[in-house]
Amino acid sequence: FIRTVFERERISILPDIAVSFTELADDRLGRVQVEVSTARDVSGKEKAEIETKLSQKISGTASFTWNINAELLGGLVVKYGGRVIDGSLAGQLSRMENALMGAGVK
C-alpha cells in the first residue's frame, strides 16, 4: 500500500489516509473520539467527572482528548461524532449578541 502511494506520488495525502483509517477503525471498534476544550486547565478530578458524565451520553467507548483554549473565556466545548456542544462563555456571549442583533437592539 505504502509503495503504491509513493509510486503514484501521492505522499502528500498520507496524513489524510491515516485519519480516514483511524476513523474507520474507531467506528468498527465502537470507539468515539471526544475532544474537550476548556478555557483553563482542569484538575484530574474535574476531568474524571466530566468524562464520566459525557461517557453516559455517548454510545460507544469514548476516547478523550483535552485542549486548553483561553479564547473560550470560561466553560467548555465538546466535539464528537460531528456534534459540537458549546458550553463556553464566549459561545454564550456570541449567541446573546446574535439574538440581540436579530431583535434590532444596538
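Within any chain, residue numbers begin from 1 and follow the written order of that chain's sequence. The predicted nature of this model means local features are confined to residues of pLDDT at least 70 and side-chain atom pairs, given and counted, to a pLDDT of 80 or more, with totals for whole chains, interfaces and linings taken over all residues. Remark: hydrogens and water are excluded; side-chain values derive from all non-hydrogen atoms of the structure.

K.L.:
For this particular structure, what's the right way to read the overall build of the protein?
P.N.:
Strands here mean DSSP runs of E at least two residues long; helices mean DSSP runs of H or I at least four residues long; both are numbered from the N terminus. Looking only at helices and strands, the protein features four helices and four strands. For 106 residues, the compact-globule formula gives about 13 Å, and the C-alpha radius of gyration of the protein, at 19 Å, lies well above that figure. Projecting the C-alpha coordinates of the protein onto the three principal axes gives extents of approximately 60 × 35 × 25 Å. Only protein chains enter the accessibility calculation, which uses a 1.4 Å probe; a residue whose area is less than 20% of its type maximum is buried, one above 50% is exposed, and one in between is partly exposed. Taken over 106 residues, the protein has a buried fraction of 19%. Contacts: residue pairs with any heavy atoms within 4.5 Å of one another. For the protein, restricting intrachain contacts to residue pairs at least 6 apart in sequence, the fraction spanning at least 24 positions comes to 58%. Accessible surface is estimated by sampling points in the Shrake-Rupley manner with a 1.4 Å probe; for residues, cover comes only from the protein chains shown. If you sum the accessible surface of the protein, you get close to 8,100 Å²; carbon and sulfur atoms cover 55% of it. Positive and negative side-chain charges of the protein, numbering 14 and 14 respectively, have mean locations separated by a distance of 4 Å. For the radius of gyration, the atom set is restricted to C-alpha positions; the globular benchmark scales as 2.2 Å times the number of residues to the power 0.38. For the purpose of charge, His is not counted, nor are the chain termini; Lys and Arg are scored as positive and Asp and Glu as negative. Taken as the charge centre is NZ of Lys, CZ of Arg, CG of Asp or CD of Glu, depending on the residue.

K.L.:
Help me out: how do you make sense of unusual backbone geometry in this one?
P.N.:
Glycine aside, a negative phi is what most residues show, and trans is what most peptide bonds show. Phi is positive for Glu9, close to 55°, though the residue is something other than glycine. For Glu9, the position within the fold is in the loop between helix 1 (2–7) and helix 2 (14–29). Phi is positive for Leu73, which is not a glycine, with a value near 70°. Relative to the helices and strands, Leu73 resides in the loop between strand 2 (61–68) and strand 3 (76–80).

K.L.:
Even after reading the chapter, I still don't get the side chain of Ser88, so can you show me in this structure?
P.N.:
For Ser88, the location among the structural elements is in the loop between strand 4 (83–86) and helix 4 (89–102). In terms of polar contacts, Ser88 uses its side chain to reach the backbone amide nitrogen of Gly91, at 2.9 Å. Each residue touching Ser88, except ones within four places of it in the same chain, is listed here: Leu72, Gly74, Gly75, Leu76, Val77 and Arg95. Pairs of N or O atoms are called polar contacts if they sit within 3.5 Å, as long as, within protein, a hydrogen donor faces a hydrogen acceptor (for residues adjacent in sequence, only side-chain-to-side-chain pairs).

K.L.:
Quick question: what am I supposed to make of the pairing of strand 2 here?
P.N.:
On a regular strand, one side chain projects to one face of the sheet and the next to the other, so that they alternate. A pair of strands is treated as paired once DSSP finds two or more bridges between them. Sheet analysis places strand 1 (residues 31–38) next to strand 2, joined by eight bridges and oriented parallel. In the strand pairing of strand 2, Glu35 is matched with Thr65. By convention, orient the strands away from the viewer: a clockwise path from the first strand over the helix to the second makes the crossover right-handed. Since strand 1 and strand 2 lie parallel, the crossover through helix 3 (residues 44–57) that links them has a hand, and here it is right-handed.

K.L.:
Mind showing me how you'd approach the sheet that holds strand 4 here?
P.N.:
Whether parallel or antiparallel, the strands of a sheet pair through hydrogen bonds between backbone atoms. Spatial strand order, 2-1-3-4: four strands in an open sheet with mixed pairing. Bordering the open sheet on either side are strand 2 and strand 4, each of which pairs with just one other strand. Pairwise comparison of adjacent strand axes, ignoring direction, gives a mean angle of 15° for this sheet. Across five bridges, the pairing between strand 1 and strand 3 is antiparallel. In the strand pairing of strand 3, Glu35 is matched with Lys79. Axis definition: a line fit to C-alpha positions, over the contact stretch in the case of helices; interaxial angles, taken between N-to-C directions, run 0 to 180 degrees.

K.L.:
Hey, could you run me through the pattern of salt bridges in this one?
P.N.:
Pairing between side chains of opposite charge can happen when their charged atoms approach one another. A pairing counts as a salt bridge when a side-chain nitrogen of Lys or Arg comes within 4 Å of a carboxyl oxygen of Asp or Glu. As enumerated under the stated definition, the model contains three salt bridges in all. The partner of Arg40 in a salt bridge is Glu46, with the nearest N and O atoms 3.2 Å apart. The residue Arg95 makes a salt bridge to Asp86 at a minimum N-O spacing of 3.7 Å. Residue classification places Arg95 among the partly exposed positions, given a relative accessible area of 43%.

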